[in-house]
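Close look at the chain arrangement
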Amino acid sequence: MKNHLTYSIKAAAIVSLLASSLAACGGKKPNSTNPGKVSTATGIPFNQDGSFQVKPFKGQAVGPNLVFIEGGSTVMGAFTEGAGNSAKKVVSVASFFMDEAPVVNLNWTEYLDDLAANASEEEYQAALPDEKVWKRELAYNDPFIENYLRHPGFRYYPVVGVSWTQANKYCAWRTRAVNKYYSQKVGKAYDLEEGETLPIESGLIVPDYRLPTEAEWEYAARGMVGTQSLDFVQSTQRVYPWNGLSLLGKEGAWQGRYLANFKRSRGNYKGIAGESDGNGATSEVYDYPPNDLGLYDMVGNVNEWVADVYRPCSFQDFDDFSPIRRDDTLDLEDDYDYKSYNSRINNRSRVYKGGSWKDCAHWLQIGTRRYLDQDSASATIGFRCAMTSVSRAHAK
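1. Quick look at the overall build of the protein
The helix and strand tally for the protein stands at 7 helices and 10 strands. Looking at the protein as a whole, 41% of its 396 residues qualify as buried. Of the contacts formed within the protein by residues at least 6 apart in sequence, a portion of 70% connects residues at least 24 apart. In the structure as shown, the protein presents an accessible area of about 22,200 Å², 53% of it carried by carbon and sulfur atoms.

Laid out in structure tokens, this is it:
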């Protein structure tokens, strides 16, 4: 009896010790960045010889130039009459990151330089933008054809002549390039071989760069920060990335000035001499003010590719949480009779958003949408990258 009592007391002490270990750090519950020293499932200590190894994690690694977009709900679609196929739908978007500005010529020539050194000639040639998108038989755009991509004066102008397919390949390259660089910085501590990349479990590499979904793009463009009531009801919706229906600034240095680069009227791209703000076509990506999230050129300057396959009725079909149309689910390609030339819509039709230097104000409305074949390019379409947020904590 005495031995049994002694055993019970010792067992209780061990259980108490384990419980106190699990409740370390002042009784705080474990989380992703502070998982504690022992397993909450087995009580076995981490990081000892032969036990499960849990590496330090300070938060998600984030690439350069990205702005954190806290998720929430939004109303997709246009809010004015005559918006065509942009029916409205309430959706929720998970948190993500987005480039603060479109990818620029300097970024693309860096990409080409790496491909020239480390990829095949075929891959390099496939990555070249179509510089002939500037060519017009009855217009003198020759200087853009010859200089736009590579001349230093155009370094921070948005890259154009890039197809949806090329943009996706750039995203994949950027992911590899950033993670390779991050791995080299800490390689010695992780005993990496030459050219080896850190594993995802390290928490020190970034998730994939990618094109934003149409829902993410609209949510980010509206930038509805600080516009909701105390009970979290959105009191207004934005037609443009700023308040109001005017395309002119209302205060400060932008009072009375256009807030985006677009075609003001037939034949009028930039205004008269003395108040003109550019070269007549694209402008540098930081020339106009950002929206409330700190994102530049969300409308105007260049349209932007998004990930979605185009369908007129996407808003009726897709999910209301993190929506995307990847293919022709519920809206079959065959129903559009593309092969008989009765429609231009097929599974290669990709959405682009935002309006450009060559578009009238209508296309600057956030909810408007158009499409183009995924392997086509234009002097009015560029893109920016997005990245999924996989942690509430983000490493500095």
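2. Describing the side chain of Q374
Here Q374 shows up in the loop between β8 (370–373) and β9 (381–382). Judged by relative accessible area, which is 13%, Q374 ranks as buried. Leaving out residues up to four positions away in the same chain, Q374 has contacts with S163, W164, T165, N347, R348 and R350.

3. Overview of the sheet that holds strand β6 (residues 303–309)
As summarised here, the arrangement of the 4 strands in space is β8-β7-β6-β9, forming an open sheet in which the pairing is mixed. Edge positions in the open sheet fall to β8 and β9, since each of these has one partner strand only. The pairing of β6 with strand β7 (residues 349–353) spans 3 bridges and is antiparallel. Counted as the bridge partner of W305 is Y352 from β7.

4. Looking at the packing of aromatic side chains
Taken as a whole, this structure holds 27 aromatic pairs when the rule is applied. An angle of 75° between the planes, with centres 5.6 Å apart, marks the rings of Y170 and F383 as edge-to-face. Of this pair, Y170 sits in helix α5 (residues 164–186) while F383 sits in the loop between β9 and β10 (386–388), and the two are 213 residues apart along the sequence. Summarising the burial analysis for this pair, Y170 and F383 share the class buried.

5. Notes on empty space enclosed by the protein
This structure, assessed with the given rule, holds 1 cavity of 30 Å³ or more. Split into classes, the residues belonging to the lining of the largest cavity amount to 8 nonpolar, 2 polar and 2 charged.

6. Observations concerning the nonpolar core
Counting 33 residues, the largest nonpolar core has M98 and W217 as the members making the most contacts within it. When contributions to this core are tallied by element, the ones reaching two or more residues are β1 (66–69), β3 (89–93), β4 (96–99) and α6 (214–222). Top element by residues in this core is α6. It accounts for 5 residues. If you look at the next biggest cluster of nonpolar residues, it comprises 30 residues, including Y111, Y124, A167 and C171.

7. Observations regarding the sheet that holds β10
As summarised here, the arrangement of the 4 strands in space is β1-β4-β10-β5, forming an open sheet in which the pairing is antiparallel. The open sheet is flanked by β1 and β5 (209–210), the only strands paired with a single partner. Bridging between β5 and β10 involves 2 bridges; their strand directions are antiparallel. The residue of β10 that forms the bridge with Y209 is M387. Packing against the sheet, α6 makes contact with β1, β4, β5 and β10, and its axis sits at approximately 75° to β4.

8. Examining the packing of helix α2 (residues 105–118) against α5
Packing of α2 against α5 brings their axes to within 11 Å, and their N-to-C directions diverge by 70°. By the angle between their axes, α2 is roughly perpendicular relative to α5. Across from N107, W108, E110, Y111 and D114 in α2, the residues of α5 making contact are Q166, K169, Y170 and W173. Broken down by class, the residue content of the contact of α2 with α5 amounts to 4 nonpolar, 2 polar and 3 charged.

9. Concerning the pattern of salt bridges
When the charged atoms of two side chains with opposite charge come close together, those side chains can pair. Applying the stated rule across the entire model yields 12 salt bridges. Of the charged contacts, one joins K353 and E214 as a salt bridge, the two residues approaching to 3.3 Å between their closest N and O atoms. In this pair, K353 sits in strand β7 while E214 sits in helix α6, placing the two residues 139 residues apart along the sequence. The buried category is assigned to K353, whose relative accessible area is 1%. By sharing partners, the salt bridges in this structure join E214, E218, R222, K353 and R369 into a single network.

10. Comments concerning α2
Turn by turn, an α-helix covers 3.6 residues, leaving residues three or four places apart pointing in a common direction. Taking 1.5 Å per residue, 14 residues should reach 20 Å; α2 reaches 20 Å between its end C-alpha atoms and fits that length. If you check which residues of α2 are buried, you get N105, W108, Y111, L112 and L115. Along α2, the residues classed as buried sweep out an arc of 120° about the axis, all on the same side. In α2, the exposed residues that point more than 90 degrees away from the buried face are D113, A117 and N118. On its buried face, α2 sits against α3 (121–127) and α5.

11. Focus: the side chain of E214
What makes E214 buried here is its relative accessible area of 1%. If sequence neighbours within four positions are ignored, E214 has contacts with M76, V306, D308, F315, V351, K353 and R369.

Conventions we followed
Residues numbered from 1 in each chain as written. Predicted model: local features only at pLDDT ≥ 70, side-chain atom pairs only at ≥ 80, totals over all residues. Heavy atoms only, no water. Helix = DSSP H or I, 4+ residues; strand = E, 2+ residues; numbered from the N terminus. Buried < 20%, exposed > 50% of the residue type's maximum accessible area, 1.4 Å probe, protein only. Contact = heavy atoms within 4.5 Å. Areas by Shrake-Rupley, 256 points an atom, 1.4 Å probe, with all protein chains shown as cover. Pairing = 2+ DSSP bridges. Phe/Tyr/Trp six-rings, centres within 6.5 Å; stacked < 30°, edge-to-face > 60°. 1 Å grid on protein atoms, 1.4 Å probe; cavity = no way out; pocket = protein on both sides within 12 Å on 5 of 7 lines; lining within 4 Å. Points joined across faces, edges and corners; volume = space filled by probe spheres on them. Nonpolar A, V, L, I, M, F, W, Y, C, P; charged D, E, K, R; others polar. Core = buried A, V, L, I, M, F, W, Y, C linked by side-chain atoms within 4.5 Å. Axes fitted to C-alpha atoms, helices over the stretch in contact; angles between N-to-C directions. Parallel < 35°, antiparallel > 145°, perpendicular 65-115°, else oblique. Salt bridge = Lys/Arg side-chain N within 4 Å of Asp/Glu carboxyl O. Expected span 1.5 Å × (residues − 1). Arc of directions from axis to C-beta.

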